[in-house]
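# Notes for the structure review
Take a look at the letters that make up each chain.
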Amino acid sequence: MAERSFATEVLKLRHGAGTTFTGEGILAVTKALLQSGVAYVGGYQGAPISHLVDVLSDAREVLDELGIYFEASASEATAAAMLAASVHYPLRGAVTFKSTVGLNVASDALANLASGGVTGGALVILGEDYGEGSSIMQERSHAFAMKSQMWLLDPRPDVAAIVDAVEAGFELSEASNTPVLLELRLRSCHLHGSFTAKDNVRPPMTVGDAVENPRRDLSRIVLPPASFLHEREKVTERWPAAVRFIRERRLNEVFGAGAADVGIIVQGGLYNTLNRALELLGCSDAFGRTRIPLYVMNVTYPVVDAEILEFCADKRAVLMVEEGQPDYLEQNLNAILRRAGASAALHGKDLLPVAGEYTAAAVTRGLRTFLDKYLPDAIDGEPTLLLPAEDPRSPFAKRVEPNTVHARPPGLCTGCPERPIFSALKLAERETGEHHVSADIGCHLFSINEPFNLGATTMGYGLGSAGASALNSTNAGRRPIAIMGDGGFWHNGLTSGVGNAVFNKNDQLLVVVDNAYSAATGGQDVLSSQADNPHRSTKHPIEQAARGVGVKWTKTVTNTYQVGELRDLFIDALTSTEPGPKVVVAQSECQLNRQRRVRPQTNQAIKDGKRVVRQRFGVDAETCTGDHACIRVSGCPSLTIKSNPDPMRTHPVATVLDSCVGCGVCGENAHAASLCPSFYRTDVVYNETWWDRTLAKFRSWWISLLSRPVERRAAKFEAA
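Procedures and definitions
Residues numbered from 1 in each chain as written. Predicted model: local features only at pLDDT ≥ 70, side-chain atom pairs only at ≥ 80, totals over all residues. Heavy atoms only, no water. Helix = DSSP H or I, 4+ residues; strand = E, 2+ residues; numbered from the N terminus. Buried < 20%, exposed > 50% of the residue type's maximum accessible area, 1.4 Å probe, protein only. Contact = heavy atoms within 4.5 Å. Pairing = 2+ DSSP bridges. Axes fitted to C-alpha atoms, helices over the stretch in contact; angles between N-to-C directions. Salt bridge = Lys/Arg side-chain N within 4 Å of Asp/Glu carboxyl O. Patch = residues over 30% accessible without salt bridge, like charges linked within 9 Å, V, L, I, M, F, W, Y side chains within 5 Å. Areas by Shrake-Rupley, 256 points an atom, 1.4 Å probe, with all protein chains shown as cover. Lys, Arg positive; Asp, Glu negative; His and termini not counted. Charge placed at Lys NZ, Arg CZ, Asp CG, Glu CD. Core = buried A, V, L, I, M, F, W, Y, C linked by side-chain atoms within 4.5 Å. Phe/Tyr/Trp six-rings, centres within 6.5 Å; stacked < 30°, edge-to-face > 60°. Lys NZ or Arg CZ within 6 Å of the ring centre and 35° of its normal. Disulfide = S-S within 2.5 Å.

### Here we look at the environment of Leu27
Along the chain, Leu27 turns up in helix H1 (residues 25–35). We classify Leu27 as buried; its relative accessible area is 3%. The sequence separation of Leu27 and Gly550 amounts to 523 residues, and the corresponding C-alpha distance is 44 Å. Among all residues touching Leu27, those that are not within four sequence positions of it are Glu9, Lys12, Leu13, Phe21 and Val55.

### Some points on the sheet that holds strand E14 (residues 345–347)
The strand order across the open sheet built from five strands is E9-E11-E10-E13-E14, with neighbouring strands paired in mixed fashion. In the strand order of this sheet, the two ends are held by strand E9 (253–255) and E14, each with one partner. In this sheet, neighbouring strand axes are inclined to one another by 20° on average, regardless of whether the strands run parallel or antiparallel. As defined by bridge partners, strand E10 (residues 262–267) adjoins strand E11 (residues 294–297) across four bridges and the pair is classed as parallel. Counted as the bridge partner of Val266 is Val296 from E11.

### Let's talk about the pattern of salt bridges
Counted under the stated rule, the structure contains 33 salt bridges. With its nearest N and O atoms 2.6 Å apart, the salt bridge here joins Glu65 to Arg14. Of the two residues, Glu65 is situated in helix H3 (residues 60–66) and Arg14 in the segment before strand E1 (20–24); the sequence distance between them amounts to 51 residues. The exposure class of Glu65 is partly exposed, given its relative accessible area of 44%. Between Lys98 and Asp129 there is a salt bridge, with the nearest N and O atoms lying 3.2 Å from each other. Here Asp129 lies in the loop between strand E5 (122–128) and helix H7 (142–148) and Lys98 lies in strand E4 (residues 93–98), a separation of 31 residues in the sequence. Taken as a pair, Lys98 and Asp129 share a single burial class, namely buried. Look at the salt bridges and you will find they share partners, linking Asp154, Glu183, Arg185 and Glu323 into a network.

### Observations regarding a positive patch on the surface
A contiguous patch of positive charge on the surface is contributed by Arg708, Arg712, Arg713 and Lys716. Position of Lys716 among the secondary structure elements: in helix H23 (residues 690–719).

### Some remarks on the nonpolar core
In terms of nonpolar packing, the biggest core is built from 81 residues, with Phe97 and Leu110 touching the most fellow members. Sort the elements by how many residues they give to this core and helix H8 (residues 159–176) lands first, with eight residues. Membership of the second largest hydrophobic core comes to 31 residues, among which are Phe422, Val437, Ile483 and Val511.

### Some thoughts on the packing of aromatic side chains
Summed over all chains, the structure comprises 13 aromatic pairs. With 5.0 Å between their ring centres and 35° between their planes, Phe21 and Phe195 make a pair best called tilted. Of this pair, Phe21 sits in strand E1 while Phe195 sits in strand E8 (residues 192–196), and the two are 174 residues apart along the sequence. Geometrically, the ring pair formed by Trp239 and Tyr301 is edge-to-face, given 5.5 Å between the ring centres and 85° between the ring planes. Of this pair, Trp239 sits in helix H11 (residues 226–249) while Tyr301 is found in strand E12 (residues 299–301), placing the two residues 62 residues apart along the sequence. Given the relative accessible area of 8%, Tyr301 is considered buried. Taken together, the ring pairs connect Trp151, Trp239 and Tyr301 into an aromatic cluster. The cationic tip of Arg156 hangs over the ring face of Tyr271; the distance from NZ or CZ to the ring centre is 5.5 Å. Sitting above the plane of the Phe311 ring, Lys315 keeps its charged end 4.3 Å from the centroid.

### Things to note about the state of the cysteines
Two cysteines whose sulfur atoms are joined by a covalent bond form what is called a disulfide. Counting across every chain of the model gives zero disulfides. The cysteine Cys443 is free of any disulfide, with Cys416 supplying the nearest cysteine sulfur at 6.4 Å. On the basis of relative accessibility, which here comes to 22%, the residue Cys443 falls in the partly exposed class.

### Structural notes on unusual backbone geometry
Note that the residue after Gln325, namely Pro326, is joined by a cis bond; omega there is 0°. Mapping Pro326 onto the fold places it in the loop between strand E13 (317–321) and helix H14 (328–339). Positive phi outside glycine occurs at Asn177, with the angle close to 55°. Relative to the helices and strands, Asn177 resides in the loop between H8 and strand E7 (180–185). With a phi angle near 65°, Lys539 is a residue other than glycine that sits in the positive phi range. Note that Lys539 resides in the loop between strand E18 (509–514) and helix H18 (542–548).

In structure tokens form, the structure reads like this:
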């Protein structure tokens, strides 16, 4: 169950030639694939391109009509290996996944693909997740393009430009027999715009046609001596063909030619940010009418030497705006200019940040320094974002002293079924002592923060178990703990983690967090999901898979909110004398997906007049001791503090906010940890029956009856 349905939006994919297509960047990419005659598409979900896989899933009817095969791949490596269909056959294929982490996984397949080359167009659509909003290590996809010699497109953040890049990417791939990477920044994926549509094209050859007519070319298989010839072919044939195509099709763009004797070279994906910086300095307008010449690299690899020299020929100085590090493009440009004896001075990361996201403020600041040195008369205005923080006009000025904005690390959602897992593990460690915890990629990685402070390392998706393998010691009194999600388990963890632990008789405890979906990437189904999926095979238990590769000690918990039972199971697993790895599958549905599924049903039932009961939890302020141990062991966003209503007590008391979803883990924690009995549950009844009203009256009468002695004593005390 994906977090968003595109069932309505995919109807736009039927737009024909001449119509105006309006929509999100991801939807436009899908339309561009259909217009390009793509024969097959695959991909692994992951921000910022998660929705592309969701769109393709929802567009299955349109794909079937055109004879296009679509597959939600088990991993990025699986997706990349699909492109092998374009090696011998004139099939246009596209796969998609998330930037460098996806390329890390897919690099083996892509290296082989790039070595042998392709006959049909092969396009890899990358969601480049670089900068402050990213959840991954800060690396660039550019290195993979250079390593394996795959061409890298980085189009301007404009829907029409992105559509053109998809179509040109296939043509470039076919013209040079080389796979092409299409890099889409986070904002590009989700911007909205319009373009003039074309008719969808049925692929001249479908995958069915290819299967019926098998082909084989020994020279395309990566095996000596062919693999040695591939390297020569890359340099003598494919590279010149790519450069020729890029120049003839004018994939790179020049704006403001001849306007000044200085210039700026910029990655296509940063064009909007650069133009905004120019606008703030009075050197351009919102429509890109620049007074400073720009060379926009919609293709960042290969760099076209001739175009660089032509642009720099009449320039005193040039600024290279290149986000991230290392400065691959700046080094390349330096080599081109110096070898040719060009006189233009080249600046880049000497004026702009060496690393980090190139925000409007960062680019404006560096651009201002460049223009101050070479073209000061072009500057018209002083942007407030360049003012020092001490200036009250600055957007970065401290408005209230000494208050500051506190850090807000990522955390688990309200009612998340993973929170009680870590509460139980912390409670278990009270008896077993602390353990080394090897974390993994996914929502459960948030457990490294307060209040759990669990997790010492994370080595990659599905590598939680493998990350603890070196800490296997028969002499140690404690065994390492590894955490892995269900998505990571099926992606990579079953073989590289569980299978490896069995093979090496590793004594670790592996906790598989099974929330029924690939939740961190948008709630897509996985093999162990319980949903009935008409297009995929689900309901394959993780415990059975673990036993299938040789795990002897493995147990599944179907309700992670039972903190006490889960704590006891962890203690058992950490003290068991059973040799080999121990696997606990902690299973409860992702609360976000549950709410997406249940809330519409509940609201409709209430609207239809049916009896509905919603559970809410609270804290009795008179009973609460104010030590807040419940918050420290839970960390739920709905569990916070408020002023103590008792004027004789100064400590604030715990309270439950209206955002509570009624999971009950706060009360379970209080019970399992032997905390105060201040938690209570309230059943909120909608469309109550006569029995509900009668029961409520009886309860009120009974409570009143029991309270009378207390009230009489209180009255006597007040009278005295």
